[in-house]
Amino acid sequence: MNLILKATVEDYPSINRMVKKAFRGFYPQLEEKEWVIDAIKNNFFYVIKKNGILIGMMCLENDSKDVVCIEALAISKAQQRKGLGKLFISKAISIVRKMNSHRTKTPKVSKILVYSDVRYEAIGFYLKVGFKEFGKFSVAVGLEMSI
């Protein structure tokens, strides 16, 4: 069974290697150590490990009061097509629902957004798990899921 864990600062080197392989420079902030460490410390990074080795990661961002963004989601090539991406999406939905259950004075999160590199294979994955395209940009496709 694969469990999603909150990332720790010790996971940074493995996260960095995965980011470089998966995103090929598309998300430069994910290659900035200080940004990643801050995201880890603020509980926005999640990982899946197998035998102690990082095989998947997801970073969430909640800059807007009513939207959560998936900043990054990556699964190692050898572990793709095994349901781990869907597991991360389920975790993101669970996190949003928990956030909403505690909100009384601020707007509830109504959407999860992701911007996928137009060269990146993940667009089909996001559409398959229930996201809908809301825009095409010069270097990315915007996808959203209503909560």
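See the structure above.
Residues numbered from 1 in each chain as written. Predicted model: local features only at pLDDT ≥ 70, side-chain atom pairs only at ≥ 80, totals over all residues. Heavy atoms only, no water.

**Q** Could you give me a rundown of the overall build of the protein, with the residues and numbers involved?
**A** Scanning the protein from terminus to terminus reveals four helices and seven strands. When the helices and strands of the protein are listed from N to C terminus, the series reads β-α-α-β-β-β-α-β-α-β-β. For a compact globule of 147 residues, the expected C-alpha radius of gyration is about 15 Å, and the protein comes in at 15 Å, within 12% of that figure. Along the three orthogonal principal directions, the C-alpha set of the protein runs to about 40 × 35 × 30 Å. When burial is assessed residue by residue, the protein has 46% of its 147 residues classed as buried. Here the analysis covers contacts within the protein between residues at least 6 apart in sequence; of these, 57% occur between residues at least 24 apart. With an accessible surface of roughly 8500 Å², the protein has 53% of that area assigned to carbon and sulfur atoms. (Helix = DSSP H or I, 4+ residues; strand = E, 2+ residues; numbered from the N terminus. Rg over C-alpha atoms; globule rule 2.2 N^0.38 Å. Buried < 20%, exposed > 50% of the residue type's maximum accessible area, 1.4 Å probe, protein only. Contact = heavy atoms within 4.5 Å. Areas by Shrake-Rupley, 256 points an atom, 1.4 Å probe, with all protein chains shown as cover.)

**Q** Now, about the side chain of S116: what can you tell me, with residues and values included?
**A** Inspection of the secondary structure assignment puts S116 in strand β5 (residues 111-117). Relative accessible area serves as the criterion here: at 3%, S116 is assigned to the buried category. Beyond its immediate sequence surroundings of up to four residues, S116 is in contact with Y27, A122, I123, V139, A140, V141 and L143.

**Q** Account for helix α1 (residues 12-23), naming residues and giving values.
**A** With twelve residues, α1 extends 16 Å from end C-alpha to end C-alpha; this agrees with the ideal 16 Å at 1.5 Å per step. Burial in α1 covers these residues: Y12, I15, N16, M18, V19, A22 and F23. Each buried residue of α1 sits inside an arc of 165° when the element is viewed along its axis, so together they form one side. In α1, the exposed positions that point more than 90 degrees away from the buried face belong to R17 and K21. Contacts from the buried residues of α1 go to α2 (33-41), β2 (45-50), β3 (53-64) and β4 (67-75). (Expected span 1.5 Å × (residues − 1). Arc of directions from axis to C-beta.)

**Q** Run through the pairing of β4, naming residues and quoting values.
**A** Extensive coverage of β4 is indicated by the burial of nine of its nine residues. Of the pairings in the sheet, the one linking β3 to β4 comprises seven bridges and is antiparallel in character. Residue pairing across strands places E61 opposite C69, the latter belonging to β4. Turn length for the β3-β4 hairpin, with the two strands adjacent in sequence and antiparallel, is two residues. In this structure, β4 lies alongside β5, joined through four bridges in parallel fashion. The residue bridging V67 from the neighbouring strand is K111, located in β5. (Pairing = 2+ DSSP bridges.)

**Q** Go over a positive patch on the surface, please, and point to the residues and values.
**A** A cluster of basic side chains, namely R24, K77, R81, K86 and K128, defines a positive patch on the protein surface. Looking at where R24 falls in the secondary structure, it is placed in the loop between α1 and α2. Among the residues examined, R24 registers a relative accessible area of 39% and is labelled partly exposed. (Patch = residues over 30% accessible without salt bridge, like charges linked within 9 Å, V, L, I, M, F, W, Y side chains within 5 Å. Salt bridge = Lys/Arg side-chain N within 4 Å of Asp/Glu carboxyl O. Lys, Arg positive; Asp, Glu negative; His and termini not counted. Charge placed at Lys NZ, Arg CZ, Asp CG, Glu CD.)

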